[in-house]
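# Chain and residue survey
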Amino acid sequence: MTDSESPPPISLTTFACFFDVDGTLAGIEEKPEWVSIPDEIKQALCDGFTATNGALALVSGRSLAELDRLSAPFHGPAAGVHGAERRDGQGQIHRTELSPALAAKLQRELTQAIAHLPGCHVEAKGMAFALHYREAQHYQKNILTVAESFVTRYPELALQPGKCVVELKPQGVSKGEAIKVFMDEAPFAGRTPLFIGDDLTDEAGFIQVNALQGISIKVGPGNTAAHYHLKDVAAVHHWILSLVKQQENYSIKTKVSSGEDL
Ligand SMILES: [Mg+2]
């Protein structure tokens, strides 16, 4: 990837769109609960959903409930917790669960393991755990060591580092796997995938989309498997809005040339 490679124009009539949320559709904030998606982008998600015939999904480390809260009134397909929970194109929910006893044990042990690191905290997501250190970035190594020790002791878990967070998620779950499963199902199947993301967790998604001859777009700096680049969240917003607008112009032209009443 080079910095000059902006994504090419695409047609929403033939593409399936996958969007990460934090750092992609929404700016990163000091606290995850302060994050929001601008209204015009939420509207663009709704318009994009219609233009792609429903082949538009959010793919995030957040829970489905959180994604729905952040993106309302959009309520389309989504993969939460890196794909451990997924609402498919028919509205059906699929979950990769840990047993409740194991989840409770892990939460207890993780809370205890980082109790001596002030400013760090455990976020329990049911089947996954996020160890946050945004407010204590000098503890990055300590957090990683704790997470690695848990992955060694619990083979059902896998490590997922991100921006100021290290996550423990069920083995086999990734954004790439989530995109692959979506692409095997209606209304995604047969379309060309596009995925935009900003973080290490998105790399599996880029690799999957590249394998399907799709368009992978990395937001911000850093090594990546993505083929294209957008500078920051503002550039993502600009690109998505122009994409939806272009689509509207195209639809109007098509209706005019077919003699349809507008
Ligand atoms: Mg992100």
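Here the structure is a predicted model, which means the values were calculated and not measured.

### A word on the sheet that holds strand E6 (residues 121-124)
Read across the sheet, four strands follow the order E6-E7-E9-E8 without closing on themselves; strand pairing throughout is antiparallel. Edge positions in the sheet fall to E6 and strand E8 (157-162), since each of these pairs with one other strand and no more. Between one strand and the next, the sheet's axes are offset by a mean angle of 20°, whatever the strand orientation. Two strands pair when backbone bridges link them, and E8 and strand E9 (residues 165-170) are joined in this way by six bridges, in the antiparallel orientation. Note on E9: the bridge partner recorded for alanine 158 is lysine 169. Taken strand by strand, helix H3 (residues 100-113) contacts E6, strand E7 (129-132), E8 and E9, and its axis lies near 10° from that of E7.

### Description of the nonpolar core
Ranked by size, the top nonpolar core spans 32 residues in total, and within it Ile10, Phe19, Leu25, Leu58, Leu194, Ile196 and Trp239 carry the most contacts. The greatest single-element share of this core, amounting to five residues, is contributed by helix H7 (residues 233-257). Membership of the second largest hydrophobic core comes to 28 residues, among which are Leu102, Ala103, Leu117 and Tyr154.

### Remarks on the coordination of the magnesium ion
Taken together, the protein ligands of the magnesium ion are Asp20 (OD), Asp22 (O) and Asp198 (OD), with distances of 2.1 to 2.2 Å. Sequence spacing among the residues donating to the magnesium ion works out to D-x1-D-x175-D.

### Some words on H3
For H3, with 14 residues, the first-to-last C-alpha span of 20 Å sits near the 20 Å given by 1.5 Å per residue. Of all the residues in H3, the buried ones are Leu102, Ala103, Leu106, Glu109 and Leu110. Taken around the axis of H3, the buried residues stretch over an arc of 135°, which confines them to a single face. Structural note: H3 exposes Pro100, Ala101, Arg108 and Gln112 on the side pointing more than 90 degrees away from its buried face. On its buried side, H3 packs onto E6, E7, helix H4 (140-153), E8 and E9.

### Some remarks on the domain arrangement of the protein chain
Structurally, the protein chain comprises domain 1 (15-96 + 173-257) and domain 2 (100-170). A C-alpha centroid distance of 26 Å is found between domain 1 and domain 2. Together, the buried faces of domain 1 and domain 2 total about 1300 Å²; carbon and sulfur atoms form 58% of this surface. At the surface where domain 1 touches domain 2, the tally comes to two salt bridges. Put simply, lysine 31 and glutamate 135 hold a salt bridge, and the shortest N to O gap is 3.5 Å. Put simply, domain 1 and domain 2 have seven residue pairs in polar contact (both at pLDDT 80 or more) between them.

### Regarding the pairing of strand E1 (residues 15-19)
Within E1, five of the five residues are buried, which leaves the element mostly enclosed by the surrounding structure. Of the two faces of E1, the one carrying Phe15, Cys17 and Phe19 and the one carrying Ala16 and Phe18 are both buried. As defined by bridge partners, E1 adjoins strand E10 (residues 192-197) across five bridges and the pair is classed as parallel. Paired with phenylalanine 18 across the strands is phenylalanine 195, a residue of E10. Bridging between E1 and strand E2 (residues 56-59) involves three bridges; their strand directions are parallel. Note that in E2 the partner of cysteine 17 across the bridge is leucine 56. Each parallel crossover has a hand, and the one from E1 via helix H1 (residues 39-51) to E2 is right-handed.

### Quick notes on the sheet that holds strand E5 (residues 93-95)
Ordered in space as E5-E4-E3-E2-E1-E10-E11-E12, the eight strands form an open sheet in which the pairing is mixed. Edge positions in the sheet fall to E5 and strand E12 (228-230), since each has one partner strand and no second. The mean inter-strand angle of the sheet, taken between neighbouring strand axes irrespective of direction, is 15°.

### Some points on the pattern of salt bridges
Close approach of charged atoms allows side chains of opposite charge to pair. All told, the structure shown has 15 salt bridges when counted by the stated rule. Residues arginine 153 and glutamate 109 are paired through a salt bridge, measuring 2.7 Å at the closest nitrogen-oxygen approach. Taken together, the positions of arginine 153 in helix H4 and glutamate 109 in helix H3 put the pair 44 residues apart, joining distant regions of the chain. On the basis of relative accessibility, which here comes to 48%, the residue arginine 153 falls in the partly exposed class. Salt bridges sharing partners connect three or more residues here, namely Asp22, Arg62, Glu66 and Arg69.

### Focus on the environment of serine 36
Along the chain, serine 36 turns up in the loop between E1 and H1. A sequence separation of 35 residues divides serine 36 from serine 71, and the C-alpha atoms of the two residues are 8.3 Å apart. If we ignore the near neighbours within four places in the chain, the residues touching serine 36 are Ala26 and Leu70.

Analysis parameters
Counting starts from 1 at the beginning of each chain's written sequence and moves along it residue by residue. Only residues with pLDDT of at least 70 are given local features in this predicted model, and only at 80 or more are side-chain atom pairs given and counted; all residues enter the totals for whole chains, interfaces and linings. Side-chain descriptors were evaluated using all non-hydrogen atoms of the structure, hydrogens and water having been removed beforehand. One requirement defines pairing of two strands: DSSP has to find at least two bridges between them. Secondary structure follows DSSP: runs of H or I at least 4 residues long count as helices, runs of E at least 2 residues long count as strands, and numbering of each begins at the N terminus. Convention adopted: a line fitted to C-alpha atoms gives each axis, helices being fitted over their contacting stretch, and angles between N-to-C directions are expressed from 0 to 180 degrees. Throughout, a residue-residue contact means that at least one pair of heavy atoms, one from each residue, lies within 4.5 Å. Take the buried Ala, Val, Leu, Ile, Met, Phe, Trp, Tyr and Cys residues and link them wherever side-chain atoms come within 4.5 Å; each set so joined is a nonpolar core. Any residue under 20% of the maximum accessible area for its type is buried, any over 50% is exposed, and the rest in between are partly exposed; the area is computed with a 1.4 Å probe on protein chains only. As a rule, N, O and S atoms within 2.8 Å of a metal are its donors, except that Na, K and Ca use 3.2 Å; water is not among the atoms, so sites may look incomplete. In a helix, the anticipated span is given by 1.5 Å times the number of residues less one. As used here, the arc is the angular range of directions from the helix axis to the C-beta atoms. Each domain's extent was defined by an automatic or database domain assignment. Put simply, buried area is how much 1.4 Å-probe accessible surface two parts lose in total, over both of them, once they are put together. Salt bridges are defined by distance alone: a side-chain nitrogen of Lys or Arg within 4 Å of a carboxyl oxygen of Asp or Glu. For this analysis, a polar contact is any N or O atom pair within 3.5 Å, provided that within protein one partner can donate a hydrogen and the other can accept it, and provided that sequence-adjacent residues contribute only side-chain to side-chain pairs. Orient the strands so they point away from the viewer; a crossover is then right-handed if the path from the first strand over the helix to the second runs clockwise.

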